[in-house]
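Architecture and fold: a report
Residue-level listing of the chains:
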Amino acid sequence: QVHLVESGGGLVQAGDSLRLSCAASGRTATIYGMGWFRQAPGKERKFVAAIRWNGVHTYYADSVKGRFTISRDNAKNTVYLQMNSLKPEDTAVYYCAVDHRDTYWYSLESGYDDWGQGTQVTVSS
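Position numbers for residues count from 1 along each chain, tracking the sequence in the order it is written. Given that the model is predicted, a residue must reach a pLDDT of at least 70 before its local features are reported, and side-chain atom pairs must reach 80 or more before they are shown or counted; all residues, however, enter totals for whole chains, interfaces and linings. Heavy atoms from the whole structure form the basis of all side-chain values; hydrogens and water molecules are not counted.

1. Quick look at the overall build of the chain
A tally of regular secondary structure across the chain gives 0 helices and 11 strands. Strands are runs of DSSP state E lasting at least 2 residues, helices are runs of H or I lasting at least 4, and numbering of each runs from the N terminus. Scanning the chain from its N terminus toward the C terminus, one meets helices and strands in the order β-β-β-β-β-β-β-β-β-β-β. As defined in this context, the radius of gyration uses C-alpha atoms, and a globule is described by 2.2 Å times the residue total to the power 0.38. In summary, the chain has a C-alpha radius of gyration of 13 Å against a globular reference of 14 Å for 125 residues, a match within 12%. Burial status follows relative accessibility: with a 1.4 Å probe on protein chains alone, a residue under 20% of its type maximum counts as buried, one over 50% as exposed, and anything between as partly exposed. A burial count over the chain gives 46% of its 125 residues as buried. Note on definitions: a residue-residue contact is assigned when non-hydrogen atoms from the two residues lie within 4.5 Å. Here the analysis covers contacts within the chain between residues at least 6 apart in sequence; of these, 56% occur between residues at least 24 apart. When the accessible surface of the chain is totalled, it reaches about 6,200 Å², and 47% of it is carbon and sulfur. Neither His nor the chain ends contribute to the count of charged residues, in which Lys and Arg are positive and Asp and Glu negative. Charged groups are reduced to one reference atom each: NZ for lysine, CZ for arginine, CG for aspartic acid, CD for glutamic acid. Each charge class in the chain was averaged separately, 13 positive and 12 negative side chains, and the resulting centres sit 3 Å apart. Computed with the Shrake-Rupley method and a 1.4 Å probe, the accessible areas treat only the protein chains shown as cover for residues.

Given below as structure tokens:
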């Protein structure tokens with residue numbers, strides 16, 4: 001099992017930027033990929049972005065493509081989500097997750113095994 005700790009959330013205005021971090025500890029040797037999901041109030045959790053641990057492949061939801069960038073630092077076992085040009089509709093709790101099974105189901109919750117506790121991002125208009 002991997003313990004994940006997200007950080008970097010906060011309250012910003014539309015157009016601002018934030019960088020979320022997700023630090024992994026524990027069974028990090030078997031990480032094949034990591035992803036970010038978000039859940040807005042009263043809505044289902046949705047895929048945001050994912051990255052293969054080799055860093056070669058990244059994936060994004062259409063709603064964030066061109067504004068968000070996912071990256072990873074293998075030495076620090078940390079994945080980042082740089083969020084630019086934030087919009088009020090980006091307001092949500094953001095969760096990071098780890099894939100230990102190499103599923104490639106990067107946009108599905110079922111493709112991940114361990115989850116962080118979430119960090120709140122609020123974008124005011």
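2. Focus: the state of the cysteines
By definition, a disulfide links two cysteine residues through a covalent bond between their sulfur atoms. For the purposes of this analysis, a disulfide is any pair of cysteine sulfur atoms at a distance within 2.5 Å. By the definition in use, this model includes 1 disulfide. Paired by a disulfide, Cys22 and Cys96 hold their sulfur atoms 1.9 Å apart. Taking the sign of the S-S torsion, about 50° here, the bridge from Cys22 to Cys96 comes out right-handed. Of this pair, Cys22 sits in strand E3 (residues 18-26) while Cys96 sits in strand E9 (residues 92-99), and the two are 74 residues apart along the sequence.

3. Focus on the pairing of strand E5 (residues 45-52)
Most of E5 sits out of view: 6 of its 8 residues are buried. Counted between consecutive antiparallel strands, the loop separating strand E4 (residues 33-39) from E5 contains 5 residues, among which Gly42 sits at a positive phi close to 75°. Strand pairing is defined by DSSP finding a minimum of two bridges between the two strands. Here E5 runs beside strand E6 (residues 58-60); their pairing, made up of 3 bridges, is antiparallel. Within E6, the residue paired with Ile51 across the bridge is Thr58.

4. Thoughts on the side chain of Arg67
As for its position among the elements, Arg67 is in the loop between E6 and strand E7 (68-73). The class of Arg67 is buried, set by a relative accessible area of 10%. Polar contacts, as used here, are pairs of N or O atoms within 3.5 Å; protein pairs need one atom able to donate a hydrogen and one able to accept it. Residues neighboring in sequence count only if both atoms are side-chain atoms. Within the structure, Arg67 has its side chain in polar contact with the backbone oxygen of Ser85 (distance 2.9 Å).

5. A closer look at the environment of Leu86
Position of Leu86 relative to the elements: it lies in the loop between strand E8 (78-83) and E9. Judged by its relative accessible area of 2%, Leu86 is buried. For the pair formed by Leu86 and Tyr60, sequence separation is 26 residues and the distance between their alpha carbons is 15 Å. Those residues in contact with Leu86 that lie beyond four places of it in its chain are Val12, Ala14, Gly15, Asp16, Ser17, Leu18, Arg67, Phe68 and Val123.

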